Every structure is written in C-alpha cells, then in structure tokens.
Amino acid sequence: MTKTKAFLQKHRWSLTGALLGALVFLVLYGVRVLDPVCVDWILNNPSPDPSQHYLGWVFYRRSGWHLPYLGANYSAIYPYRTSILYTDSIPLLAVVCKLLGGVLPARFQYLGLWGLFCYAMQGDLAQALIARIGGVRPQDTAKNWASVLGAGVLVLFPALNIRMFAHTALAANWLVLLALWVWLCAEQSENRPSTGKRCLWWGVLGLLCAGIHLYYLPMVGMVLVAACVQRGLEKRGPAAVVLPIVSFCAVALAELFVLGAFAANFAGYSNGYLSGADLANLFVPGLGASWEQEVYAGLGTTAAVVLALAGLLVQRKKAAEFFRRHTHIVIAAVVLLVLDAVASMGNTVTFGGRTLFTVPIPQVLMDFWAMFSSCARLAWLAGMLLAVAACGLVLRFWNGAAAAVLLAVCAAAQGFGLRTELAKRYTTYHDAAYYEDTTQLTDPAWEQLAASGQFSRLAFASFDFEHDDFWDLVAFAADHGWTSNSFYMGHMDGNLAAVTLAGEMNTLAPDTLYAFIDEDELARSDYALHYYRLDGILLGSVEPIHGLTEAPAVDIPAHTMALQKSSVINGTADADTVTLNEGGELLTEAWMLFPGSYRVTLTGSGFDHSYIYARHGLINQETYKMEVNFTGIAPDEMVFEFSTGEPLYYWRTAVHALDDTPIAVTAIKVEKVG
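The structure reproduced in this document is the subject of the present report. (Residues numbered from 1 in each chain as written. Predicted model: local features only at pLDDT ≥ 70, side-chain atom pairs only at ≥ 80, totals over all residues. Heavy atoms only, no water.)

## Remarks on the overall build of the chain
- Broken down by element type, the chain carries 22 helices and 20 strands.
- Considered along the principal axes of its C-alpha atoms, the chain spans approximately 85 × 65 × 50 Å.
- Sorting the 674 residues of the chain into buried and exposed places 54% on the buried side.
- Surface summary for the chain: the accessible area is close to 28500 Å², and the carbon and sulfur share equals 62%.
- Here the chain holds 41 positive side-chain charges and 55 negative ones, and the gap between their average locations is 23 Å. (Helix = DSSP H or I, 4+ residues; strand = E, 2+ residues; numbered from the N terminus. Buried < 20%, exposed > 50% of the residue type's maximum accessible area, 1.4 Å probe, protein only. Areas by Shrake-Rupley, 256 points an atom, 1.4 Å probe, with all protein chains shown as cover. Lys, Arg positive; Asp, Glu negative; His and termini not counted. Charge placed at Lys NZ, Arg CZ, Asp CG, Glu CD.)

Put into structure tokens, the structure is as follows:
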C-alpha cells in the first residue's frame, strides 16, 4: 500500500492528465463502446475500416497457429496466408487476445478499451512533457494545473479525434508523445541512463510501433534520430549514438517477421505515389488536398505557438539563457522538424495550396517511400512536437496564473476548432440505434445454413469489398467460424486478389457456399451449382441445400449499374440520373466480367452528342479500350455488344460529352447474352 501511495503521489499530475483524457473519451463516446461483447457499433460504421479491424481480429482468432509466424491469418483469404498486421487490428492486442481466446466470450472486441487507453495516455504523456519543458516542479500546484490544461490541447489533437474508430490503430498518437518523453524527460534526467537502458527503452518503442501501426515506425524513428543527434553533439561516444538505433530497428524487424509481414500473400502492394502534406496546413485548416492529407494541428496549437513566441519576445534575456543551456536539444529538435518536413511532404512540395516543385527521385527510393504513401500523416509528429513545446514554453515564460488561463484558452480553442467533428461523434455514439444489429441478413435460413454443418467456407465469385452486402456476409462467416476467400487489407494488391478469386471459381468445393453479388450474377449460368436467394443475395452450392427452394433460372441474366457509384467530371450524379455538361465525363464503377458475350444498354437523352466506349485493365497498368459493336443508336438509347474469351478485370463504361448539349444518363443495363 505504501508503494502504491508513493507511486500515486509521485505521478499524481500525469495521472490527472490521464484522467482528463479518459473523461474526454467518455464524454465523446459514452460507455457502451467499452463493452467487449458489444460489436454492432463497429459493424454499423459507414466506413469499411472499423469492420476490417474487428473482423480481421475475428478471422485471426479462428485461424490456427503456424510457427514461426505468430501473426499469420489463414482464415481471412483462405487458403492463403495473410497477416494480422495488414488488417490494422492492432497486432499486439490481437496476439495477446488470441492467446487468451479460450476464456474470452465468443464475440469479443478490444477497440473500445483501446480507445479509452489512447486518450488516457495522450493526456498523461502530454502533461509530463509540458511540465518538463515548462520547468515545473511537483510542488508548483498552479503551474501543474496549468500543465494539465495544456494537455487538453493534445487530448483534443485533430489526428487523435478524427482517426479514433475510423483508423483506430492510427489513433495511437501517444506513441509519438512517448518517444518525445523518452528523449526529453527520461534521457535528460539528473541521473543520465546508461546506453544499455536507452537501448531497452528504444527497443520497447520499436516493439510497440511495429505491433500497433507501421506509420509510427518512421515518426518514432525520427525522434530517435534527434536524440542521437543530441548525444553526438555532446560527444558521448559512437555506442551511445548508434546502439539505440540498432536496438529500435532490430526489435521492430524481428517483430514484423514474427507477425508475418514479409510472408503474407496479397500484401505489400504500393500505389507508387506519395500523398504529401502541405506544411502550411499545420496552422491553416482546409489546405489538405484530401482527407488523408489534412494535417491541421488545431486552433489551440496555433494559439499556443503564438503565445509562446510572445512570451519569448517579452522575456528575451531569460529565453536566450534557456536556449543557451539547451543548445544541443534545440539543434536536435530543428533537425527533427526538418526530417519530418521532408518525409511528410513527399517529392511534390506544396505550400499554401500551391505546388512549388516536384523532386525527381530514383525508383528504388520511391518504392521504399511509397510503403508510406499517405506520407502526410508523418506531419502529425511536427504538429504534436509544436503543441507540447509551445504549451511548455507558455508555462515557462508566463507566470503561473497567466499560464493557466492562457493554456485553458488554448485547450478551449482546440475544442472549438474541432467542434463539428466532436459534435458528430457525440451524436453518433450516444444514439441507441447505433448499437443495434442492422445486418441485412435477416432470413432465418442463414442460421440454418450455419447450423447444418454443410459449409465451413464462404467464397465470393469476384473481389469487391466495397459492395453493401460484402461486410454482412464476411461478418456472418467470421461469427460462425467459417473462412472467407476475400477480405480487405492495408496495402493490398487488388490486382492479384481479383485474378486469384476469379481463378478459384474453376474448382468448386462442396463445403463452400458461393456468393454472387452485383455483377457476379451475370455469370450464374457458367457454373453447375444449385442456386438460392436469401435476402436478395444469390448463393450457389455444389450440393442441394436441404429445406431451401432453388432460385429459378433466368433466360438472360441482367444487372443494372449503380449510377451513384460513377465517377463524374463536369456534371452531377444521384441515384437516378447522371447529367453531363460541356466537357463532362461519366466513368462507371468497376466490374468483374467472366468470359462470354454481353449487351450493354444506356438510356437517357442527348446521346447523339456523346462518345461512348468500354474499357478494362488492372490497377496502375495499361487500360485496354474494347472493340464493341453498336447495335442500337438513338438520342435516348445506345446499345452495344462485345464478347470476351477471358475474364475482364475492372471493366467500365464511359460517356463523354462532345459539345455543350447536356447529356442525361438514367440507366446502364448489362446483359449476358451468351
């Protein structure tokens, strides 16, 4: 009890920061997300990512152990080996929970508790860093409370709040703060730690980064480089500089090997380009070219930076002495910011919404860099470093009462700037309907199928994880211990998956339930299966399914494309009509078409002022324009036909406006006529 009391007394202020983070989490998300057996809120998220994170863990839990790859998953894309790493399921937690699988409930999720932990750690480490930079002693009550208020700026950091329960593993912003704490707090203590202890600390950080999300490896790695730069400037010897880096890299690589990162099928694919950050976006919202490139550090961070600069200006002599005493740390911090700027901008340098220049780089470097293709995320490091440094400097160069008021204003400004996102999350996660089972698989026959023992595998005819029915079907398979032949993974080679799934249809198995969703129904007549329809989904089985009535065959299989999923330039689109203006273009969603003969009918108006064609081709590879035969030409209806002796991957139809005459497309129907 005495040791516990002493621990609480020593760390009472950082624990107060943790409590602040936990309270913010509970206010935003409530307590139902913490229930480990409540999973419907995850599956109800309109984004597929939370379902990927949860179901990736479920499939991994059902998969057997295969040494040496403890993170290998043989159930998500059966029979191929994938890794829990690529489903962003927080691999470290997944491995631990799999080891405890025998005592865990049948339905179990750890994402809610993980979220609470992330917010608490963010508050805890932010307070410790701000107090350290601010030169606060444990007995300085007013300034310690000010440091807790400053921690609110980090608890409300945009990257944490926007990524939580979207890209949940990426909400581990506290890993960056932990790295900063090791460098600025632990390594700067009065009793300088030994090189061996530093190697241990950085090795643990390598373990955490590799086991949570790979994007934190470069961020934390850059903090490590800054720490080593400081040690080099202090002439502490080669071992003190090099060995912590060796420890960090060795532990991370060893863990990645054990998790199966280098032995996973379909993973490791790079899109070959970098989505870089506009560094002005750190202070100016809305400059990100896409959601992935938005790196705004928040209104409160900007306010703290301004107030810190004002304090430095007013206290010039004191500031000069402070920086003189910490010259090596300041130089290392500048090196860190420069490294982060280079890493996060990519090879196309953009500032203030304008592209300044593009740097040509060797393909080898591009291939490596593009593993972190959303490299704008790396700018979170700069944002958090600026936030903690600014709050700490406000604390150091303003008096206690003023600092407390100013940091409270900064935290309030941070929340105000994020008010729309925070309100959206509060409304969503406090709505009882969000926690209800909303699966589209409501026919009682589904449970009969699961209980019959006839099937142990689910197989999709083609690769399409964006379809509305996909996640309900995958969740059904995962819940009942079946395998699936299709899943969505980070850095997934969609080309290889598309080709592989289509090839699997050449060998049909009696223990497999086949799902034909969307355009796959056109291939119904190609396979000698017994067909059934449950909740509108066409299913196929090698053997008859007892108790179900077979779905009648149709003379000409036909399916209509979803216009709202089309890509439209210079036009408008809704569920019923796409209207193209001058220079407009419609490019339909991508379909997988099996060998055969097809008829495509476009209805609408203004087609006599358009150019229409079809194309196909794998992602980032050559696109092939098809030779088609127009059998019907009219302003309100265009019909063309074509045949193919091989599967067409990512097949699309395009409509171009040739002049200023408006073109309306009301339907695109595809029929398999042979």
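## Here's the deal with the environment of Leu 538
- The residue Leu 538 is located in strand E9 (residues 537-541) in this model.
- What makes Leu 538 buried here is its relative accessible area of 0%.
- Linking Leu 538 and Ala 654, residues 116 residues apart in sequence, is a C-alpha distance of 28 Å.
- The residues touching Leu 538, leaving out its near neighbours within four places in the chain, are Tyr 514, Ala 515, Phe 516, Glu 521, Arg 524, Tyr 531, Tyr 532 and Arg 533. (Contact = heavy atoms within 4.5 Å.)

## Re the sheet that holds E9
- Pairing is mixed across the open sheet formed by five strands, whose spatial order is E6-E5-E7-E9-E8. Two strands close off the open sheet at either side, each with one partner strand: strand E6 (483-484) and strand E8 (530-534).
- Relative to E9, E8 runs antiparallel, the two being bridged by five bridges. Of the residues in E9, the one forming a bridge with Arg 533 is Leu 538.
- Lying on the sheet, helix H21 (residues 470-479) is in contact with strand E5 (457-460), E6, strand E7 (512-516) and E9; it crosses E5 at an angle near 160 degrees. (Pairing = 2+ DSSP bridges. Axes fitted to C-alpha atoms, helices over the stretch in contact; angles between N-to-C directions.)

## A closer look at the environment of Asn 281
- In this fold, Asn 281 is placed in the loop between helix H12 (238-259) and helix H13 (299-314).
- Counting along the chain gives 116 residues from Asn 281 to Phe 397, while the straight-line C-alpha distance between them is 27 Å.
- When neighbours within four sequence positions are excluded, Asn 281 is seen to be in contact with Gly 286, Leu 287, Gly 288, Gln 293, Glu 294, Val 295, Tyr 296 and Ala 297.
- A polar side-chain atom of Asn 281 sits 3.0 Å from a polar atom in the side chain of Glu 294. (Polar contact = N/O pair within 3.5 Å; in protein donor to acceptor, adjacent residues only side chain to side chain.)

## Some words on the packing of H13 against helix H14 (residues 316-325)
- Viewed as axis vectors pointing N to C, H13 and H14 meet at an angle of 105 degrees, and their least axial separation amounts to 5 Å. When the axis of H13 is compared with that of H14, the two are roughly perpendicular. On H14, the residues touching Leu 312, Leu 313 and Val 314 of H13 are Arg 316, Ala 319 and Phe 323.
- Tallied by class, residues from the contact of H13 with H14 come to five nonpolar, no polar and one charged. (Parallel < 35°, antiparallel > 145°, perpendicular 65-115°, else oblique. Nonpolar A, V, L, I, M, F, W, Y, C, P; charged D, E, K, R; others polar.)

## Considering the side chain of Thr 168
- Among the structural elements, Thr 168 can be located in the loop between helix H8 (158-163) and helix H9 (174-186).
- A distance of 3.5 Å separates the side chain of Thr 168 from the backbone nitrogen of Phe 165, its partner in a polar contact.
- Contact partners of Thr 168, with chain neighbours within four places excluded, come to His 53, Leu 111, Trp 114 and Arg 163.

## A closer look at helix H17 (residues 380-397)
- Helix length check: H17, at 18 residues, gives a terminal C-alpha distance of 25 Å against a target of 26 Å (1.5 Å per residue), a fit within 8%.
- The element H17 is extensively covered by neighbouring structure, given that 16 of its 18 residues are classed as buried. (Expected span 1.5 Å × (residues − 1).)

## Considering the nonpolar core
- Of all hydrophobic cores here, the largest spans 216 residues; its most connected members are Trp 174, Leu 180, Trp 183, Trp 202, Trp 446 and Trp 651.
- Top element by residues in this core is H17. It accounts for 13 residues.
- Every residue in contact with Leu 180, bar those within four places of it in the chain, is listed here: Leu 129, Cys 185, Val 223, Leu 336, Leu 385 and Val 388. (Core = buried A, V, L, I, M, F, W, Y, C linked by side-chain atoms within 4.5 Å.)

## Here's the deal with the packing of H14 against H17
- Here H14 crosses H17 at 125 degrees, and the two axes come no closer than 11 Å. Here H17 runs oblique to H14, going by the angle between their axes. Taken as a pair, H14 and H17 cross one another with a handedness that is right-handed. On the side of H14, the interface is formed by Lys 318, Ala 319, Phe 322 and Arg 325, while H17 contributes Leu 393, Arg 396 and Phe 397.
- Partitioned by chemical class, the residues of the contact of H14 with H17 number four nonpolar, no polar and three charged. (Left-handed = near helix turned anticlockwise from the far one by under 90°.)

## Regarding the pairing of strand E11 (residues 567-573)
- Judged from the six bridges that link them, E11 and strand E12 (residues 578-587) form a sheet pairing that is antiparallel. By the bridge assignment, Gly 571 is partnered in E12 with Leu 580.
- In textbook terms, the turn of a hairpin is the stretch between consecutive antiparallel strands, and for E11 and E12 this stretch comprises four residues.

## Observations regarding the packing of aromatic side chains
- Per the counting criterion, the structure on display carries 41 aromatic pairs.
- Between Tyr 429 and Tyr 434, the aromatic rings sit 5.3 Å apart at their centres with planes inclined by 80 degrees, giving edge-to-face as the arrangement. Each of the two residues, Tyr 429 as well as Tyr 434, counts as buried.
- Measuring from centroid to centroid gives 6.4 Å for Phe 516 and Tyr 527, while their planes differ by 45 degrees, and the two rings are tilted. With Phe 516 in strand E7 and Tyr 527 in the loop between E7 and E8, this residue pair connects regions lying eleven residues apart in the sequence.
- Residue Phe 516 is classed as buried on the basis of its relative accessible area of 0%.
- It is Arg 419 that lies over the ring of Phe 416; its NZ or CZ is 4.0 Å from the centre. (Phe/Tyr/Trp six-rings, centres within 6.5 Å; stacked < 30°, edge-to-face > 60°. Lys NZ or Arg CZ within 6 Å of the ring centre and 35° of its normal.)

## A short note on the pairing of strand E15 (residues 610-616)
- Judged by how many residues are buried, E15 sits mostly within the fold: five of seven residues are covered.
- Looking at chain direction, E15 and strand E19 (residues 648-657) are connected through six bridges and run antiparallel. Counted as the bridge partner of Ala 614 is Thr 653 from E19.
- Summarising the sheet, E15 and strand E16 (residues 624-625) pair through two bridges and their orientation is antiparallel. By the bridge assignment, His 616 is partnered in E16 with Tyr 624.

## A closer look at the pattern of salt bridges
- Applying the stated criterion across every chain yields a total of 17 salt bridges.
- A salt bridge links Arg 236 to Glu 234; the nearest nitrogen and oxygen atoms lie 2.2 Å apart.
- Residue classification places Arg 236 among the partly exposed residues on the basis of a relative accessible area of 29%.
- For the salt bridge of Arg 377 with Glu 292, the shortest nitrogen-to-oxygen distance reads 2.7 Å. (Salt bridge = Lys/Arg side-chain N within 4 Å of Asp/Glu carboxyl O.)

## A look at the side chain of Gln 127
- Of note, Gln 127 is situated in helix H6 (residues 111-133).
- By relative accessible area, which is 3% here, Gln 127 ends up buried.
- Leaving out residues up to four positions away in the same chain, Gln 127 has contacts with Trp 13, Ser 14, Gly 17, Asn 144, Ser 147, Val 148 and Ala 151.

## Quick look at a nonpolar patch on the surface
- A cluster of nonpolar residues, Trp 65, Leu 67, Leu 70, Val 96, Leu 99, Leu 100, Val 103, Leu 253, Phe 257, Val 258 and Phe 262, forms a patch on the protein surface that exposes about 1100 Å² of accessible area.
- Of the residues forming the nonpolar patch, the biggest block, three residues, is contributed by H12.
- With respect to the helices and strands, Leu 253 occurs in helix H12. (Patch = residues over 30% accessible without salt bridge, like charges linked within 9 Å, V, L, I, M, F, W, Y side chains within 5 Å.)

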